[in-house]
Amino acid sequence: MSKRYRALVGLRYPGSPEALTIARAEPIDSDAYGAIHWLRSEIGEDVPAYVIAGSSWLVEQGKVEEYHVDDAPEKPKLKPVAS
Amino acid sequence: MTVRDSSSIGYLLTGPYNLTSLSTKLTIKSSDPLQETTPFGVSAAEFSKPGVKHTEISGHESWYDDTYYTTASEMVSLATGEHVLMLASQGNTAALKADCTGGLLYAAFETMFEVGGMHKAALELGVSGAFDEAWIVVPLASVSGDGNSEASYIDMGAAGGGTTGGNAYMSCTALTLSGRTNLIITVEDSADHIVWADHTVFTALTAVGAEKKIATDQTVNRYLAAKRVFTGAGGSPTATFTVAFKVNSPHA
């Protein structure tokens, strides 16, 4: 079982853990901040774990929802039987 | 305390109509009146507040010109429902306060002509309910294409956010879709001004318009911004709009 989070509203966030770190460190008018690549999750889409870790208020205030994905491999499909 | 004068008036919007450059006088009176509730057997009068707030706008004078005439005529035809009124009394700048109401019910106007004087006009506005002193999230300005104001967010302070929602106001005074389907304006909030979440989404605009959205029982974080998305592709869409937000019961 793995834990994932999906967006309950549209979310915009820095596109990588490094970009999140830069966003926290740099003033918004700096070139480094301006060069950050941003991503967007629409409702129902997964939100990366680093965003959840970096902004825990997303969970606290119900902007994202935790859900579990079964890691078990898919069952082999049966071959059709000729009649 | 900052004293302000008429040059500080950033905008006066009634619905999607901008009356800033034509208006010369406006009085807004808000009250939460008392009612006498003195019973028999007491010697001093007693009063209670019924809790119904009243707001009046009066003394509105303007210069009369053909633009005003058209605008005022359109406003009078607006008067069949409730409409948004937004007054940026401190200035047209993000993070200043604007007086906003969604309950503009009635508008009437008259024109005055006199020998040796410029033509003038007066507008009377009836408002239901209370005025909100709302934060200007995005000042009234012309923008083109999709975008957001996250880089110029407003910070309401640690106590500025709330947990019981708020009122979002939007007025779009000019819109050129340039082949796009519509314009969707969204208020965004954030706890850290780095990760942003949609908070309140206004109804998609296909023409100029104004709207008040009531967000109940929602957390409002201290940082606010707004984004605009023109649905569809191609063209060079532009819009002139402003967004303001009033937080219900900010954190103590």
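Summary of the structure given here. Because the structure is a prediction, the values reported are computed rather than measured.

Reading the values: rules and limits
Residues numbered from 1 in each chain as written. Chains lettered and ligands numbered in written order. Predicted model: local features only at pLDDT ≥ 70, side-chain atom pairs only at ≥ 80, totals over all residues. Heavy atoms only, no water. Helix = DSSP H or I, 4+ residues; strand = E, 2+ residues; numbered from the N terminus. Buried < 20%, exposed > 50% of the residue type's maximum accessible area, 1.4 Å probe, protein only. Contact = heavy atoms within 4.5 Å. Lys, Arg positive; Asp, Glu negative; His and termini not counted. Charge placed at Lys NZ, Arg CZ, Asp CG, Glu CD. Phe/Tyr/Trp six-rings, centres within 6.5 Å; stacked < 30°, edge-to-face > 60°. Lys NZ or Arg CZ within 6 Å of the ring centre and 35° of its normal. Salt bridge = Lys/Arg side-chain N within 4 Å of Asp/Glu carboxyl O. Polar contact = N/O pair within 3.5 Å; in protein donor to acceptor, adjacent residues only side chain to side chain. Buried area = accessible area lost by both parts, 1.4 Å probe. Nonpolar A, V, L, I, M, F, W, Y, C, P; charged D, E, K, R; others polar. Pairing = 2+ DSSP bridges.

Within chain B, the regular secondary structure consists of one helix and 18 strands. Counting over 252 residues, chain B shows a buried share of 43%. Long-range pairs, those at least 24 residues apart, make up 74% of the contacts in chain B between residues at least 6 apart in sequence. Counting 14 positive and 25 negative side-chain charges, chain B places the centres of these two groups 4 Å from one another.

To continue, consider the packing of aromatic side chains. Considering all chains together, one arrives at three aromatic pairs over all chains under this definition. Members of the aromatic cluster, each reached through a chain of ring pairs, are Tyr153(B), Trp196(B) and Tyr223(B). Here the basic side chain of Arg6(A) rests over the ring of Tyr67(A), its NZ or CZ set 4.4 Å away from the ring centre.

Once that is clear, we can look at the pattern of salt bridges. Pairing between side chains of opposite charge can happen when the charged atoms of each approach one another. Residue and element names in this part refer to chain B. For the coordinates displayed, the defined rule picks out 11 salt bridges over all chains. Between Arg222 and Asp155 there is a salt bridge; the shortest N-O distance is 3.0 Å. Of this pair, Arg222 sits in the loop between β16 (209-216) and β17 (223-231) while Asp155 sits in strand β12 (residues 154-155), and the two are 67 residues apart along the sequence. By relative accessible area, Arg222 is classed as partly exposed at 28%. Residue Asp155 is classed as partly exposed on the basis of its relative accessible area, which comes to 33%. Across the salt bridge formed by Lys227 and Asp198, the nearest N and O atoms sit 3.5 Å from each other. Of this pair, Lys227 sits in strand β17 while Asp198 sits in strand β15 (residues 196-201), and the two are 29 residues apart along the sequence. Grouping residues by exposure puts Lys227 and Asp198 together as buried.

A separate point is the side chain of Glu211(B). All names here are of chain B. Here Glu211 shows up in strand β16. On the accessibility criterion, Glu211 (18% relative accessible area) is buried. Within the structure, Glu211 has its side chain in polar contact with the side chain of Thr203 (distance 2.8 Å). In contact with Glu211, other than residues within four places in its own chain, are Val84, Ala168, Tyr169, Met170, Phe202 and Thr203.

The next point concerns the interface of chain B and chain A. Reports of interface size often rely on the accessible area that becomes lost once the parts have come together. Of the residues lining the interface, 19 residues belong to chain B; the matching set on chain A comes to 20 residues. It is Ile194(B), Val195(B) and Asp198(B) in chain B that bury the most area against chain A; as a group they hold 39% of the surface buried on that side. One can count four salt bridges joining chain B with chain A. The partner of Asp192(B) in a salt bridge is Arg24(A), and the shortest N-O contact between them spans 3.5 Å. Taken together, the links from chain B to chain A amount to eight residue pairs in polar contact (both at pLDDT 80 or more). Those elements that provide at least two residues to the side of chain B that touches chain A are β14 (182-190) and β15 of chain B. For the side of chain B that touches chain A, the leading source of residues is β15(B), giving four residues. Split by residue class, the side of chain B that touches chain A holds seven nonpolar, six polar and six charged. Where strand β2 (residues 11-14) of chain A meets β15(B), two bridges bridge the pair, whose relative direction is antiparallel. Paired with Arg12(A) across the bridge in β15(B) is Trp196(B).

Bear in mind that shape data such as this cannot, by itself, settle questions of function.
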